[in-house]
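Each chain is listed here by its residues.
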Amino acid sequence: MATTIRKPRSRTCELCGRQEAWNDEQGSWQIVAEDGERAVGNPHCIHEWDITGSFTPIERTDA
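Let us look at the structure shown here.

Calculation notes
- Residues numbered from 1 in each chain as written.
- Predicted model: local features only at pLDDT ≥ 70, side-chain atom pairs only at ≥ 80, totals over all residues.
- Heavy atoms only, no water.
- Salt bridge = Lys/Arg side-chain N within 4 Å of Asp/Glu carboxyl O.
- Buried < 20%, exposed > 50% of the residue type's maximum accessible area, 1.4 Å probe, protein only.
- Pairing = 2+ DSSP bridges.
- Helix = DSSP H or I, 4+ residues; strand = E, 2+ residues; numbered from the N terminus.
- Polar contact = N/O pair within 3.5 Å; in protein donor to acceptor, adjacent residues only side chain to side chain.
- Contact = heavy atoms within 4.5 Å.
- Phe/Tyr/Trp six-rings, centres within 6.5 Å; stacked < 30°, edge-to-face > 60°.
- Lys NZ or Arg CZ within 6 Å of the ring centre and 35° of its normal.

### Digging into the pattern of salt bridges
Next up, step 1: What the rule picks out here adds up to three salt bridges.
Next up, step 2: Glutamate 20 is the partner of arginine 18 in a salt bridge, and the nearest nitrogen-oxygen pair spans 2.6 Å. Taken as a pair, arginine 18 and glutamate 20 share a single burial class, namely buried.
Next up, step 3: A network of salt bridges, in which partner residues are shared, links Arg11, Arg18 and Glu20.

### Details of the pairing of strand β4 (residues 28-31)
Next up, step 1: As paired strands, strand β3 (residues 19-23) and β4 are joined by four bridges and run antiparallel to one another. Its bridge partner being in β4, asparagine 23 is matched across the sheet by serine 28.
Next up, step 2: The hairpin formed by β3 and β4 contains four residues between the paired strands, and glycine 27 there has a positive phi angle of roughly 70°.

### Focus on unusual backbone geometry
Next up, step 1: Here the phi dihedral of aspartate 35 falls at roughly 55°; this positive angle occurs in a residue that is not glycine.
Next up, step 2: Along the chain, aspartate 35 turns up in the loop between β5 (33-34) and β6 (37-38).
Next up, step 3: For aspartate 35, a relative accessible area of 85% gives the class exposed.

### A closer look at the side chain of arginine 18
Next up, step 1: By secondary structure assignment, the location of arginine 18 is in the loop between β2 (10-12) and β3.
Next up, step 2: Here valine 40 takes part through its backbone oxygen, which lies 3.3 Å from a polar atom of the side chain of arginine 18.
Next up, step 3: The residues touching arginine 18, leaving out its near neighbours within four places in the chain, are Arg11, Thr12, Cys13, Ile31, Ala39, Val40, Gly41, His47 and Trp49.

### Description of the packing of aromatic side chains
Next up, step 1: Per the stated rule, a full pass over the model turns up one aromatic pair.
Next up, step 2: With centroids separated by 5.4 Å and ring planes inclined at 80°, the aromatic side chains of tryptophan 22 and tryptophan 29 adopt a geometry described as edge-to-face.
Next up, step 3: When the ring centre of tryptophan 49 is taken as reference, the NZ or CZ atom of arginine 11 above it lies at 4.2 Å.

Don't take any of this as a statement about function, it's just geometry.
Now the structure itself:
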């Protein structure tokens with residue numbers, strides 16, 4: 001059995017709703033646009049990302 005550590009590809013702030021997705025080309029998080037509008041949330045928020053709630057970084061696969 002092999003184990004892989006995965007990184008999150010998207011995140012949403014629990015407090016203000018800001019949405020970001022990882023951009024491989026730029027090597028950074030980018031704000032998500034929905035229906036042409038950027039989901040910026042509150043620019044003064046100290047973002048609380050839910051990356052451990054439904055996201056599981058450890059993935060076990062059968063070899």
